[in-house]
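Fold and contact review
Spelled out, the chains give:
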Amino acid sequence: MSGHLLDPSWLARLERLQMASKRAASGSQAGLRRAKQLGSSMEFADYRSYVPGDDLRQLDWNAYARSGKLFLKKYLDETQLHVNLYIDCSRSMSHGQSGKMERAVQLAAAFGYLSLCHLDHVSVYAFDRQLVSSVRALQGKSQAPRLLGYLAGLSPGEVGDLNQALRSPGAVSGKAGISIVLSDFLFESGYDKGIAFLQAARQDVIMVQVLAREELDPTYQGELRLIDSETQQAKEVSLTGPLLEEYRKSVRQYQQELTSFAYGRGISFLGIEAEQSVESIVFQVFRQAGIIR
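Everything numeric in this text was worked out from a predicted model, so none of it was measured.

Overview of the packing of helix 3 (residues 100-116) against helix 9 (residues 278-288)
For any two helices packed against each other, one specifies the inter-axial angle together with the distance between the axes. Interaxial distance between helix 3 and helix 9 falls to 10 Å at its minimum, and their mutual angle equals 55°. Of the possible angle classes, the one that applies to helix 3 and helix 9 is oblique. Judged by the sense of rotation from one axis to the other, the crossing of helix 3 with helix 9 is right-handed. Of the residues in helix 9, those in contact with Arg103, Gln106, Leu107, Ala110 and Phe111 of helix 3 are Val278, Ile281, Val282 and Phe286. Tallied by class, the residues present in the contact of helix 3 with helix 9 amount to seven nonpolar, one polar and one charged.

Structure, rendered in structure tokens:
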């Protein structure tokens, strides 16, 4: 994965956000879920940089005297959340000029980083038709380099199968929490059984579909030989205006199917275009959808 996963210019803004969960956080350690007042334990949790609008009463003036920089010393007595990030690494995720997988990895980096800044537990699972790799139970901002290093090393793998992958040993956390699935959801075997399995494991599921612009609105014309990026099966087609319009209609219908499935199960679903900037997705789309706040 090339370049910065997260733009350093808006990391401070990202630190102020947090995951919005329908489930109560659980555990015995102090986490940084935002509260209206300081926790009663007064146990030190972490520092973060001051951002205009923060409560000046929480500034650490001793740190300012030493460094000349403003930091907030956090003591909030709340319990931590378990955040699980599932990244589709199947071959189809490499499709598109911008790269669907690259955008999915960057979004996972944003979710993971803001969660670490609030002392939540963060686990990441990469999958195709099985669990490919994982990094688990990271906690605290000091673990951000490990998170980003792991994400930067991911690459597209084999044919995808969400239902099968989530049945892999160790693929689902035993702790209740949030599970975010970042995928194009283009699986021959479907997705419903895998998502239901996550919900049965007490997960507040968020489905984020990442598609390339050319998948949503292709502009190809003429006689072409199309090759499936996962199965490598080829098909000769004659692309005409009416055929392309029928394709676009099918894409819209599938997205509506995903939306209806999610709504029926109380799941959040968002469709993302890979060409959208990470900043606009995080600070506008995700916030407006109430996934982060």
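Having seen the model, we can carry on.
Regarding the packing of aromatic side chains
A full pass over the atoms with the stated rule returns eight aromatic pairs. Ring plane angle 80° and centroid distance 6.3 Å describe the contact between Phe185 and Phe187, whose orientation is recorded as edge-to-face. As far as burial versus exposure is concerned, Phe185 and Phe187 are alike and both buried. Relative to Tyr254, the ring of Tyr191 has its centre 6.4 Å away and its plane inclined at 70°; by these criteria the two rings are edge-to-face. Highlighted residues: Tyr191 in the loop between strand 8 (177-183) and helix 6 (192-200) and Tyr254 in helix 8 (residues 241-264), separated in sequence by 63 residues. A residue is classified by how much of its surface remains accessible, and Tyr191, at 5% relative accessible area, is buried. Positioned above the aromatic ring of Phe283, the side-chain terminus of Arg13 is 3.8 Å from the ring centre. Over the aromatic face of Phe197 sits the side chain of Arg167, whose NZ or CZ is 4.0 Å from the ring centroid.

Details of the packing of helix 3 against helix 4 (residues 144-152)
At a closest axis distance of 10 Å, the pairing of helix 3 and helix 4 adopts a crossing angle of 165°. Between helix 3 and helix 4, the interaxial angle falls into the category roughly antiparallel. Where helix 3 crosses over helix 4, the handedness of that crossing is right-handed. Two secondary-structure elements touch here, helix 3 through Val105, Ala108, Ala109, Gly112, Tyr113 and Leu116 and helix 4 through Ala144, Leu147, Leu148 and Leu151. Across the contact of helix 3 with helix 4, the residue classes break down as nine nonpolar, one polar and no charged.

Quick word on a nonpolar patch on the surface
Taken together, the side chains of Trp61, Tyr64 and Leu70 present a nonpolar region at the surface, about 300 Å² in accessible area. Looking at where Leu70 falls in the secondary structure, it is placed in the loop between helix 2 (61-67) and strand 3 (71-74). Leu70 sits in the partly exposed class, given a relative accessible area of 30%.

Focus: the pattern of salt bridges
All told, the structure shown has nine salt bridges when counted by the stated rule. For Asp217, the salt bridge is made with Arg248, and the minimal N-O distance between the two is 2.5 Å. One end of the pair, Asp217, is in the loop between helix 7 (213-216) and strand 10 (222-227); the other, Arg248, is in helix 8, with 31 residues separating them in the sequence. Given the relative accessible area of 42%, Asp217 is considered partly exposed. With a relative accessible area of 19%, Arg248 lands in the buried category. Salt-bridge contacts for Glu245 lead to Arg252; the nearest nitrogen and oxygen are separated by 3.4 Å. Look at Glu245 and you get partly exposed, because its relative accessible area is 39%. Of the residues examined, Arg252 reaches a relative accessible area of 48% and is grouped as partly exposed.

A short note on helix 4
Buried residues of helix 4: Ala144, Leu147, Tyr150 and Leu151, and no others. One side of helix 4 holds all its buried residues, which, seen down the axis, span an arc of 135°. Those residues of helix 4 that are buried lie in contact with strand 5 (82-88), helix 3, strand 6 (121-127) and strand 7 (131-139).

Here we look at the nonpolar core
Within the largest apolar cluster, 50 residues are counted, with the highest numbers of intra-cluster contacts made by Leu14, Met19, Leu151, Val282 and Phe286. Ranked by residue count, the leading element in this core is helix 3, at 11 residues. Ignoring anything within four residues of it in the chain, the contact list for Val282 reads Leu14, Leu17, Leu107, Ala110, Arg287 and Ile292. In terms of nonpolar packing, the next biggest core, distinct from the first, is built from 21 residues, Leu131, Leu162, Val181 and Phe269 among them.

Observations regarding the confidence of the model for the protein
In this model, the protein carries an average pLDDT of 85, and 85% of its residues clear a pLDDT of 70 or more. Scored below 50 in pLDDT, residues 24-42 shows 57 contacts in the model against residues more than four places distant or in partner chains.

What counts as what
- Residues numbered from 1 in each chain as written.
- Predicted model: local features only at pLDDT ≥ 70, side-chain atom pairs only at ≥ 80, totals over all residues.
- Heavy atoms only, no water.
- Axes fitted to C-alpha atoms, helices over the stretch in contact; angles between N-to-C directions.
- Helix = DSSP H or I, 4+ residues; strand = E, 2+ residues; numbered from the N terminus.
- Parallel < 35°, antiparallel > 145°, perpendicular 65-115°, else oblique.
- Left-handed = near helix turned anticlockwise from the far one by under 90°.
- Contact = heavy atoms within 4.5 Å.
- Nonpolar A, V, L, I, M, F, W, Y, C, P; charged D, E, K, R; others polar.
- Phe/Tyr/Trp six-rings, centres within 6.5 Å; stacked < 30°, edge-to-face > 60°.
- Buried < 20%, exposed > 50% of the residue type's maximum accessible area, 1.4 Å probe, protein only.
- Lys NZ or Arg CZ within 6 Å of the ring centre and 35° of its normal.
- Patch = residues over 30% accessible without salt bridge, like charges linked within 9 Å, V, L, I, M, F, W, Y side chains within 5 Å.
- Areas by Shrake-Rupley, 256 points an atom, 1.4 Å probe, with all protein chains shown as cover.
- Salt bridge = Lys/Arg side-chain N within 4 Å of Asp/Glu carboxyl O.
- Arc of directions from axis to C-beta.
- Core = buried A, V, L, I, M, F, W, Y, C linked by side-chain atoms within 4.5 Å.
- pLDDT = per-residue confidence, 0-100.

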